[in-house]
2 protein chains.
Amino acid sequence: MNSRNKKTAEVSDGPVSMADLAKELGVSMTTVSRALSDHYSIGPATKQKVLKLAKKLNYQPNQMAAALRKGKSKLIGVIVPYIEGRFFPSVVHGIETAARKAGFSVIICQSNEDVAHERKNIETLLNAQVAGILVSLSRNTRDFKHFEKVQKRGVPLVFFDRILEGDNVNAVVLNDREGAYQTTRHLLEQGCRRVAHFAGLQHLNIYKNRRQGYLDALRSFDLPLDEELIIYSDMTLEQGVAGMKQLLALPNPPDGVFAAGDSSILGALQLLKSRGIRVPQDIALAGFSNEGFTAITEPMLTSVDQRCEEMGQATVRLFMELVEAKGTPFYQRQVVLQPQLFIRESSLHSGKR
Amino acid sequence: MNSRNKKTAEVSDGPVSMADLAKELGVSMTTVSRALSDHYSIGPATKQKVLKLAKKLNYQPNQMAAALRKGKSKLIGVIVPYIEGRFFPSVVHGIETAARKAGFSVIICQSNEDVAHERKNIETLLNAQVAGILVSLSRNTRDFKHFEKVQKRGVPLVFFDRILEGDNVNAVVLNDREGAYQTTRHLLEQGCRRVAHFAGLQHLNIYKNRRQGYLDALRSFDLPLDEELIIYSDMTLEQGVAGMKQLLALPNPPDGVFAAGDSSILGALQLLKSRGIRVPQDIALAGFSNEGFTAITEPMLTSVDQRCEEMGQATVRLFMELVEAKGTPFYQRQVVLQPQLFIRESSLHSGKR
DNA sequence: TTGTATGCGTTATCAA
DNA sequence: TTGATAACGCATACAA
C-alpha cells in the first residue's frame, strides 16, 4: 500500500500522477497515457473524459519519468564560452525563446574558454539525458574527440558561430568572410588606400574568415598585402590601443583600420583621439560585432552585426530538423547567416582623400 | 533477457549502468550504489573495487533516474525577465558558475517581463523536478500566488534583485536605497542644489528604493522635495532624452540629475550635448547600473555598480543554505549587497558652483 | 478500443 | 557489511 493515501475527490496538493487519474476514472494507466499523448487508438469519449479530469486536477506530467523511460528529455544543453558582452547573451536569448516555443527547456553551461570545462560540460549534459547539445567552441578547443561520444549516443549536436571547420558537422555560422569583405571594401570605397587589420586567433574559424574577407577586399582593389598592417592579438581594448600605437609607429601608417572585434577598434579610437588624430578624416575605423557601444562613441563606430538572435533561432531550428530526420543516418547541414554592415561616422568622410 | 547483451570485458559504448558494474564485480546493485554514494556502511575494500571499475568503465550516473527516484534533480531553475544588457547576463553568469561548483546545472527561463510567462515557467520548472528556483520578477508581477505552489511542494525558492517586498521570502537584493543615497549626496557635495531624478516604475522594489535614497539624500542636505524634478518613466534612452527636455523647460531647471538607470542618463547626456549645455559644469549627471558604456561616453558617466556576479553567487549560496536547512520549516533570510559608486567625469567639477 | 505487465536506472527499506 | 526487492511515473509490447 502507498504511504500517502490515494486521493479521490479530496483536494490534496502534491503532484497528480497518471495512476491517480486512472484510479479516479476507473480506467487503466495505458488509456490515460494514450489520451494525454494524443495517441491514435483511443475513443474520443474516453479521451475527453481523461483530458477533462486532467485539467480539473491540474495534472502535470513528470518530465523526469518520461525522460527516463524514453532515454531522452525535453532539455537542450547549450555550451558557450561565457555569458557576457553582447553576442552570447543575445544568442542564448534567441535559443531559449525558440526552444521554449518547441517545448524544450535550456540548460546553460559555460566552458570559460577552456576545453577541459567543455569536456565536463559534455558529460554533465549527457548524464542529464539532454535531447540535444548546441555548442560554440572554447578558444582552445582544437579537436573533435570529446564530441564523438555525443554523436555515438545519437544525441543531436549543432555548432554555432565558433566551429571546427573541415569536419562534417551541423553548424550555424555567420558569413564572417563576407562581412569582413564588405567592411573592408567600404573603407576602400571611402578612399582609404592603406587599410590595416586587427586580427584574432587564427585557429578560430571566425577570425580566420574575417582575415580572409579583408584580404579578398584588398585583392578586389588590386592592392598589395602588407603584412605589417596586420596585427594579431586577442583584440581586447588594451590590445587595440597597443596595436594602434604600433601602426602609427610605422614609417608609412595606415589610413584605415578594420578590426575583427569592436573592443579593439574602440581602443584604437581612444588612442587616436588622445593624440589628436581625426577619425575618420585622418584614419577611418570599422569593427565587428555591432556592440552596443558602437552607437555611442564619438564618432560612432562602423561595425558588422552578427545577427545574434537569428543565430540562436537557426541553431534551434537545425536541432529540430535533426530530431525529425532521426532515420536519416548522416543528415548534415550548414546554415550560413548573412551579416549586416552598419555604416557609421567612423568610416564616413566626404571623399577628400 | 535483455535486448543488448551484457558487456563483460567487452568494450561497448553506450552508458554503463550500476547493474553493469554489479554484474561485472559479482556484487549487488545495492553495494555498488553505496560505494558510489559514499554511504557509511560499506567495506573499504569493496568500495575501492567498485570505484576502480567505475572509473575504468567510465560509469556515468543517470541523473534522470536518480531524480525520479528522489523526486529532486540536480537542476536549478532560473527565471529572469530577459537575457540582455549587462545586469541579467552577468547575474546568470555568476549563478551558473556557483551552481556548477556545487554540482548543479542551471535551466534558464525568460519571463519576457510578463507574469503569464512567469507562471508557465514555474510549471515547466516544477515538472522538471528542479531542486530549487531562483527568480527575478517580471515588471508586471504584483502578487505572489503562483509562487505558493512552489513553496507547498517544498522546493527552495530564492528571489533576487526584483522581489515582492513585505512577504516573508528568501531574497538577495542590492541596497538600492543606499546606492541612490550615496550618489545623490555625491552630486550635492559637488555643489548641486537642484538635483532631479529619473525614476522607474514605483511598484518595483528597486526603483522605489532608489527614489527613497534620493529623497533621503535631499533631506540630509535640508533641501526641499520638488515633485516636478522627479520624472517617472521606463527609463529608456529615448525617455531620458524626453525627460531632460522636460526638465530644461522648467522655469528653474536642475543643476544635476540622478537617474535610476543608465540608459536614461545617457539619453540626457546626448540631449545636453546637442544643446551645448556642459556636463558636468552646467548640469552634473549620475546613473545606476554601471553599464559598460558609462566608461566610454564623453564625459564618462558616474554610476552605481550592482555587483552582478556577487548577486548570482549569493543567490546560489542562499539556495544551498535552504537545501541544508531542510528540517527548519521557516528558514527565512534576506541578503543585502552593498552597491559601489563609480565616480566619473559626468559628476565631477572643480567646485565653482 | 482498452488493459496487463514490464522496464528505464536509481535509491531506500528491510532482512540476512 | 551486504543483498534482495520494491518503488519513483511514465511508455510501450503484447494480449484481450
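As recorded in an unreviewed UniProt entry, chain A goes by Transcriptional regulator, LacI family and comes from Hymenobacter roseosalivarius DSM 11622.

Turning our eyes to something else, we now look at the interface of chain A and chain B. If you look at the interface, chain A gives 45 residues, while chain B gives 45 residues. For the pair chain A and chain B, the two sides together bury roughly 3,800 Å², of which 56% comes from carbon and sulfur. Considering only the side of chain A, the residues that lose the most area to chain B are M64, N127 and I296 of chain A, jointly responsible for 17% of the buried surface there. Between the two partners, chain A and chain B, sit 2 salt bridges. Ionic pairing is found between K273 of chain B and E298 of chain A, a salt bridge with its closest N-O pair at 2.2 Å. At the boundary of chain A with chain B, the tally comes to 18 residue pairs in polar contact (both at pLDDT 80 or more). Sorting elements by how many residues they give to the side of chain A that touches chain B places helix α5 (residues 87-101) of chain A first, with 7 residues. Its residues assigned to classes, the side of chain A that touches chain B comprises 19 nonpolar, 15 polar and 11 charged. Two strands pair when backbone bridges link them, and strand β2 (residues 105-110) of chain A and strand β2 (residues 105-110) of chain B are joined in this way by 3 bridges, in the antiparallel orientation. Residue pairing in the sheet places V106 of chain A in a bridge with I108 of chain B of β2 of chain B.

Our next topic: the sheet that holds strand β11 (residues 334-337) of chain B. Spatially, the 12 strands line up as an open sheet ordered β11(A)-β5(A)-β4(A)-β3(A)-β1(A)-β2(A)-β2(B)-β1(B)-β3(B)-β4(B)-β5(B)-β11(B), and their pairing is mixed. Of all strands in the sheet, those with a lone pairing partner are β11 (334-337) of chain A together with β11 of chain B, marking the two edges. This sheet shows a mean twist of 20 degrees between the axes of neighbouring strands, independent of strand direction. Two strands pair when backbone bridges link them, and strand β1 (residues 75-80) of chain B and β2 of chain B are joined in this way by 6 bridges, in the parallel orientation. Residue pairing across strands places G77 of chain B opposite I107 of chain B, the latter belonging to β2 of chain B. Against the sheet, helix α12 (residues 308-324) of chain A makes contact with β1 (75-80), β3 (132-135), β4 (157-160), β5 (170-174) and β11 of chain A, and its axis sits at roughly 165 degrees relative to β5 of chain A, the strand it touches most. Together, β2 of chain A together with β1, β2, β3 (132-135) and β4 (157-160) of chain B form the strand contacts of helix α5 (residues 87-101) of chain B, whose direction differs from that of β2 of chain A by roughly 80 degrees.

Neighbouring DNA strand D are 25 residues, the closest being M18, Y59 and R69 of chain A together with T31 and R34 of chain B. Between DNA strand D and R34 of chain B there is a distance of 2.7 Å, counted from a base oxygen to a side-chain nitrogen or oxygen. Elements that contribute at least two residues to the surface near DNA strand D include exactly α2 (29-36) and α4 (63-70) of chain A together with α2 (29-36) and α4 (63-70) of chain B. Ranked by the residues each element gives to the surface near DNA strand D, the list is headed by α2 of chain A, at 4 residues. Considering only residue class, the surface near DNA strand D consists of 9 nonpolar, 11 polar and 5 charged.

Conventions used here
Sequence order as written defines residue numbering, which begins from 1 separately in each chain. All chains are assigned letters beginning with A, and all ligands numbers beginning with 1, in the order in which they are written. In view of the model being predicted, local features appear only for residues whose pLDDT reaches at least 70, and side-chain atom pairs are presented and counted only at 80 or more, with totals across whole chains, interfaces and linings using the full set of residues. Side-chain descriptors were evaluated using all non-hydrogen atoms of the structure, hydrogens and water having been removed beforehand. The criterion used for residue contact is that any of the two residues' heavy atoms lie within 4.5 Å. Buried area adds together the accessible area that both of two parts lose upon being put together, with accessible area traced by a 1.4 Å probe. The rule for a salt bridge is simple: a side-chain nitrogen of Lys or Arg has to be within 4 Å of a carboxyl oxygen of Asp or Glu. For the purposes of these results, a polar contact is taken to be a pair of N or O atoms within 3.5 Å, where, inside protein, one atom must be able to donate a hydrogen and its partner to accept one; residues adjacent in sequence count only when each atom of the pair is a side-chain atom. Helix numbers and strand numbers start at the N terminus; a helix is a DSSP run of H or I with at least 4 residues, a strand a run of E with at least 2. For this classification, the nonpolar set comprises Ala, Val, Leu, Ile, Met, Phe, Trp, Tyr, Cys and Pro, the charged set comprises Asp, Glu, Lys and Arg, and every other residue, Gly included, is treated as polar. Only strands that DSSP links by at least two bridges are regarded as paired with each other. Lines fitted to the C-alpha atoms define the axes, with helices restricted to the stretch that makes contact. Angles between their N-to-C directions range from 0 to 180 degrees. Near is defined per residue: the residue qualifies when any heavy atom it owns lies within 4 Å of the molecule or strand.

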